[in-house]
Amino acid sequence: MKKRFMKNRRLFIGAVITGIMVLLAVAGVFFTPYDPNAMDTSAKLAGISLKHLMGCDNFGRDILSRILSGLGTTMLVALGTVFIGVFFGTIIGAFTGYYGGIPDEVLMRFNDAVLAFPSLLLALVFISVMGAGKLNVTIALGILFIPSYARIMRGEFLRCKNLDYVRSARLMGASDIRIMFVHILPNTVQVMLSTIAIGFNNAVLAEAGMSYLGIGVQPPDSSLGRMLSEAQSYLFIRPGYAVCTGTAIVLLILGFAMLSEGLEKNA
Amino acid sequence: MSSKILTVSHLNSYYNDKTGKFGEGSRRRQVLKDVSFEIGRGEIVGLVGESGCGKSTLAKCILGIVKDHDGEIVHGSKRAQMIFQDPYGSLNPARTVGWILEEPLRIKGELKDPERNKKVSEMIQLVGLDDGYLERKPGELSGGQRQRICIALALMMEPELIIADEPVSALDVTVQDQILKLLLKLNREMGIAFLFISHDLKVVYSICSRVMVMKAGEIVEQGSDEEIYKSPKHPYTKQLLAAVLND
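Cut-offs used in this document
- Residues numbered from 1 in each chain as written.
- Chains lettered and ligands numbered in written order.
- Predicted model: local features only at pLDDT ≥ 70, side-chain atom pairs only at ≥ 80, totals over all residues.
- Heavy atoms only, no water.
- Helix = DSSP H or I, 4+ residues; strand = E, 2+ residues; numbered from the N terminus.
- Rg over C-alpha atoms; globule rule 2.2 N^0.38 Å.
- Buried < 20%, exposed > 50% of the residue type's maximum accessible area, 1.4 Å probe, protein only.
- Contact = heavy atoms within 4.5 Å.
- Areas by Shrake-Rupley, 256 points an atom, 1.4 Å probe, with all protein chains shown as cover.
- Lys, Arg positive; Asp, Glu negative; His and termini not counted.
- Charge placed at Lys NZ, Arg CZ, Asp CG, Glu CD.
- Pairing = 2+ DSSP bridges.
- Axes fitted to C-alpha atoms, helices over the stretch in contact; angles between N-to-C directions.
- Parallel < 35°, antiparallel > 145°, perpendicular 65-115°, else oblique.
- Left-handed = near helix turned anticlockwise from the far one by under 90°.
- Nonpolar A, V, L, I, M, F, W, Y, C, P; charged D, E, K, R; others polar.

Draft legend 1. Representation of the overall build of chain B in the model. A tally of regular secondary structure across chain B gives eight helices and nine strands. Computed over the C-alpha atoms, the radius of gyration of chain B is 19 Å, within 12% of the 18 Å expected from 2.2 N^0.38 for a compact globule of 247 residues. Counting only C-alpha atoms, chain B reaches 55 × 50 × 40 Å along its principal axes. For chain B, the residues scored as buried account for 50% of the 247 residues in total. A sequence separation of at least 24 residues applies to 68% of the contacts in chain B between residues at least 6 apart. For chain B, the computed accessible surface area is about 11,800 Å², with 49% contributed by carbon and sulfur atoms. Put simply, chain B has 33 plus and 34 minus side-chain charges, and the middle of one group is 2 Å from the middle of the other.

Draft legend 2. Region of interest: the pairing of strand E7 (residues 193–198) of chain B. Residues and elements named next belong to chain B. Most of E7 sits inside the fold, with six of its six residues counted as buried. Where burial is concerned, the two faces of E7 agree: the one with Ala193, Leu195 and Ile197 and the one with Phe194, Phe196 and Ser198 are both buried. Relative to E7, strand E3 (residues 44–48) runs parallel, the two being bridged by five bridges. The residue of E7 that forms the bridge with Gly46 is Phe196. Bridge count between strand E6 (residues 161–165) and E7: five bridges; the pairing is parallel.

Draft legend 3. Inspection of the packing of helix H2 (residues 97–108) of chain B against helix H4 (residues 143–156) of chain B at higher detail. Residue and element names in this part refer to chain B. Their axes nearest at 9 Å, the elements H2 and H4 cross at an angle of 15°. Between H2 and H4, the interaxial angle falls into the category roughly parallel. The element H2 and its partner H4 pack so that their crossing is right-handed. Two secondary-structure elements touch here, H2 through Val97, Ile100, Leu101, Pro104, Leu105 and Lys108 and H4 through Ile149, Ala152, Leu153 and Met156. A breakdown of the residues in the contact of H2 with H4 according to their chemical character gives nine nonpolar, no polar and one charged.

Draft legend 4. Broad picture of the pairing of strand E1 (residues 4–17) of chain B. All names here are of chain B. Across 10 bridges, the pairing between E1 and strand E2 (residues 27–40) is antiparallel. Looking at E2, one finds that Ser13 is bridged to Leu32. Relative to strand E4 (residues 69–75), E1 is paired through six bridges, and the arrangement is antiparallel. Among the inter-strand pairings, Ser9 is bridged to a residue of E4, identified as Glu72.

Written as structure tokens, this is what we have:
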């Protein structure tokens with residue numbers, strides 16, 4: 001097991017990068033060099049120095065501190081989104097794939113309808129109805145992610161439902177619910193893990209995109225997407241701001257992408 | 001209680017053929033035609049016939065997997081269990097052998113944890129394996145070992161009849177022999193009846209006391225193995241026997 005883990009370089013590097021990012025995010029909750037929201041008017045757009053390792057933004061807030069706390073926000077939103085998507089997507093996929101027939105057709109056509117909308121546009125609708133904020137962004141993105149998970153999980157249940165071990169479970173008198181979630185579900189873990197990883201990346205980008213447009217996480221809370229959008233205005237005066245924030249997003253996604261590819265290879 | 005544990009009378013079965021051209025819809029095709037037979041307690045009955053003649057469909061009808069049929073199927077006091085042809089697909093690849101064997105007991109919910117473990121361990125020894133296999137996953141076992149696990153799984157439900165659909169055709173000859181011996185042992189010691197489905201007349205001859213020959217969904221001839229092999233009446237049976245004797 002350990003050997004296999006080391007041999008799979010993508011999995012290893014992905015796990016290391018993701019591990020470091022998670023550690024940083026957790027550390028950001030308890031400790032940041034400065035208060036992420038404290039403004040220091042004397043340090044507006046300060047450059048990189050020993051005092052401010054990544055410089056300061058236009059309000060004189062320490063960028064490193066804001067990245068550390070923003071990392072946590074971004075991760076939480078992404079994880080919440082993935083959780084909502086996977087949880088409901090799996091349930092819908094399980095029922096539609098296992099039973100098939102008319103309910104399957106109806107739900108899947110509804111699914112197609114949701115998928116046909118550009119996701120950001122749909123998120124905009126949700127946000128304008130429910131209002132902005134961390135929680136609402138998570139819920140809106142989560143709901144948007146349900147159809148694609150449902151589709152993937154449906155395929156998996158469809159693949160498994162006619163296999164002999166499912167038949168034999170039925171002969172033993174196992175209930176449909178038990179067959180779906182105790183017998184079939186563990187066999188979908190590989191597919192589920194890689195879709196979770198891909199979904200996590202999409203969620204990070206979607207949150208960044210929504211915050212960039214100003215409908216995601218609201219100021220003064222920091223999030224990587226929001227910071228990147230602020231950094232845009234100072235791209236030529238203080239490129240370090242955009243570079244540092246962008247690097248954090250890239251690393252977060254790179255780590256998860258490699259992790260997911262590694263997991264797929266190990267399947 | 002009668003000595004018959006399975007009575008099938010005038011069974012017809014159908015399936016929907018969806019392979020037609022687009023827009024044609026599906027056609028209902030008849031697979032089994034007026035099939036009638038009985039299986040007595042502790043009997044081993046062979047069912048032979050070429051691929052696609054409806055042997056597996058008959059098994060699925062008896063087990064209730066195929067629902068589109070008419071005619072009558074009367075079980076004994078307990079439901080029949082099944083051993084599948086492909087020992088690779090019939091065990092859940094994501095679970096350990098111990099978990100798989102314990103599952104029927106969990107579903108029944110009569111026994112407590114330590115009793116369940118004891119029964120699992122008894123059963124795995126009965127089929128010629130030991131407790132060391134319980135922690136493994138089906139992927140780590142050979143075809144013969146898997147088939148033993150499948151047999152143990154079927155036995156967990158304490159059936160009177162086990163339907164074995166080509167249980168040895170995916171195994172090599174030496175392993176085939178071991179599995180057949182195991183089935184015979186279970187038949188003698190526990191009185192379990194078998195409906196043994198196979199296309200291989202030699203295998204059927206070696207363990208069955210009675211043989212049914214199926215062609216295109218009909219049972220064309222049935223009788224004791226001596227009768228079938230020594231003096232076949234139906235031309236199809238003669239043809240089958242000739243094919244075996246030639247190789």
